[in-house]
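Understanding the architecture of this molecule
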Amino acid sequence: MQEAPQPFSFVHSNRRVISAWGGIDKLTDLVKEAGVTRPVAVMDAFFKDSELAARILEMLHGATGARPSFHFVPAHEPDTDTVEACAAMLAGANPDLIVAIGGGSAMDTAKIARLLLSNPGSTEAISGFGKTFKPHASLLIAVPTTAGTGSEVSESAIAGKANSDIKLIFRSPEMTPQIALLDGSLSVSAPAMVTAASGYDAVTHSVEAYVSRASSVMSDPFAESAMRLLGRWLPIAYREPTHQAARTWCLIASCQAAIAFNSANLGLAHAIAAPLGAMHHVPHGLANALALPAIAAYNEASMGPKAAVVASAFGTPSAALGLSRLRLSLDLDLSLDGFVATDEAREKVAQAAMKSGQVRMNPRQATIEDMRAILESMRVPTGGAVPGLAI
Ligand SMILES: [Fe+2]
């Protein structure tokens with residue numbers, strides 16, 4: 001710490017994060033405080049006809065005196081049709097409160113659809129970076145039910161372009177929810193594979209944000225804490241779904257990782273995960289799990305003193321070993337060949353990944369040959385060992 005800090009850009013805001021086991025019950029007071037009268041709930045379809053949906057209806061009705069409208073977001077990763085269906089419902093309801101409850105799909109859909117209300121037009125027209133938007137006046141409360149995307153605190157969202165293999169990225173401070181309500185009890189009903197894959201997405205956020213070229217003295221503490229918490233608690237949340245401490249720590253960690261990547265950006269795993277999702281429908285967290293150990297091996301010599309910190313966060317002598325073991329413990333040690341069957345298809349993924357803005361954020365500057373070697377490495381499950389890399 002003898003040297004002056006590197007220059008940085010870090011985004012912060014006066015948004016709130018609330019964490020409590022059973023904290024969903026705080027919704028009544030939060031809504032009453034806000035004095036809103038036109039509530040809408042946007043929920044993951046997983047929760048249709050659930051006790052949780054009934055409880056949300058009861059609380060929103062009790063706090064506002066109005067019967068809330070509900071919109072259920074389909075289970076698959078959202079596309080522009082998903083977003084536009086949600087936006088049409090929101091436009092009809094003219095809400096002054098939107099509660100988004102679910103995983104990344106439900107939260108991202110609600111965030112983009114809400115932005116469309118105040119910036120009408122096509123969904124595609126509001127995608128991309130560096131645009132200025134009119135804010136929507138509604139209060140947005142996000143309630144994640146899986147530890148993963150961190151969408152509850154990020155100013156970004158992703159949706160596919162319908163009937164294509166293009167992923168659109170949306171980014172604006174106007175999309176960040178004003179309140180993130182973290183309640184670990186809501187994540188106990190998630191299927192084990194969702195806990196594993198979405199949890200590994202959060203792991204990837206924490207590691208990629210920590211070693212990113214845009215990381216800083218402001219984002220590093222969030223990213224490092226998230227790595228350590230996920231390294232310790234994610235395997236427990238996976239094996240013991242009702243473990244209160246594990247569920248709560250994982251949600252907090254995924255939130256911290258998103259606060260970090262909101263400013264620090266990500267890296268090669270996300271550059272690869274995007275085309276794997278768009279072209280081959282690999283679930284996002286699983287795509288990251290296929291990629292991250294090989295990328296950690298690729299990055300190891302370029303991470304400087306941070307290599308040892310990542311390794312220690314996962315309790316192993318090297319980052320690649322720790323991330324490979326963690327992947328195995330979550331039953332995510334799979335072959336890329338199960339999703340991308342041919343050399344040609346793999347080459348298309350490599351070419352598409354190189355176009356991602358995240359390539360520039362990675363600590364080691366990848367060439368197309370490097371990308372091909374990483375994808376080749378991803379074909380071989382490691383059994384918890386360091387992935388082989390022919391570079
Ligand atoms: Fe991600």
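The sections below set out a description of the structure shown in this document.

What counts and what doesn't
Residues numbered from 1 in each chain as written. Predicted model: local features only at pLDDT ≥ 70, side-chain atom pairs only at ≥ 80, totals over all residues. Heavy atoms only, no water. Donors = N, O, S within 2.8 Å, 3.2 Å for Na, K, Ca; no water. Tetrahedral: all angles 85-135°; square planar, octahedral: opposite > 155°, others 65-115°. Helix = DSSP H or I, 4+ residues; strand = E, 2+ residues; numbered from the N terminus. Buried < 20%, exposed > 50% of the residue type's maximum accessible area, 1.4 Å probe, protein only. Pairing = 2+ DSSP bridges. Axes fitted to C-alpha atoms, helices over the stretch in contact; angles between N-to-C directions. Core = buried A, V, L, I, M, F, W, Y, C linked by side-chain atoms within 4.5 Å. Domains from an automatic or database assignment. Contact = heavy atoms within 4.5 Å. Salt bridge = Lys/Arg side-chain N within 4 Å of Asp/Glu carboxyl O.

For the iron ion, every protein donor is listed as Asp-201 (OD), His-205 (NE2), His-270 (NE2) and His-284 (NE2), and the spread of their distances is 2.1 to 2.2 Å. Taken together, the four donor atoms coordinating the iron ion and their angles of 85 to 169 degrees define a geometry best described as irregular. Spacing between the donor residues of the iron ion along the chain follows D-x3-H-x64-H-x13-H. In this pair, Asp-201 sits in helix 5 (residues 192-211) while His-270 sits in helix 8 (residues 268-280), placing the two residues 69 residues apart along the sequence. Exposure remark for Asp-201: the relative accessible area of 3% places this residue in the buried category.

On to the sheet that holds strand 1 (residues 16-19). Within the open sheet, the six strands sit side by side as 1-8-5-4-2-3. Their pairing is parallel. Of all the strands in the sheet, just strand 1 and strand 3 (69-73) have a single pairing partner and so form its edges. Across the sheet, the axes of successive neighbouring strands diverge by a mean angle of 15 degrees, strand direction being ignored. When strand 2 (residues 39-44) meets strand 3, the two strands line up parallel, connected through five bridges. Across the sheet, residue Met-43 finds its bridge partner in strand 3, namely Phe-72.

On to the nonpolar core, then. Most often, soluble globular proteins have nonpolar side chains that are buried together. One finds Val-203, Ile-272, Leu-276, Phe-314 and Met-378 to be the most contacted residues of the largest nonpolar core, which totals 74 residues. Each of two domains, domain 1 (16-187) and domain 2 (192-377), supplies a minimum of three residues to this core. Residues within four places of Phe-314 in sequence aside, it is in contact with Val-203, Val-207, Met-227, Gly-231, Gly-322, Leu-323 and Leu-326. Among the nonpolar cores identified, the runner-up in size contains 26 residues, and Ala-110, Leu-115, Phe-170 and Met-175 belong to it.

A separate point is the pattern of salt bridges. Close approach of charged atoms lets side chains of opposite charge pair. Tallying each qualifying case throughout the model produces 16 salt bridges. The residue Asp-220 makes a salt bridge to Lys-306 at a minimum N-O spacing of 3.0 Å. In this pair, Asp-220 sits in helix 6 (residues 220-239) while Lys-306 sits in helix 10 (residues 306-313), placing the two residues 86 residues apart along the sequence. When its relative accessible area of 18% is taken as the criterion, Lys-306 is described as buried. Two residues, Glu-369 and Arg-372, come together in a salt bridge whose shortest N-O distance is 3.9 Å. Taken together, the residues Glu-369 and Arg-372, both in helix 13 (residues 368-377) and three residues apart, mark about one turn of the helix. Three or more residues are tied together by salt bridges with common partners; here these are Asp-337, Asp-343, Arg-346, Glu-376 and Arg-379.

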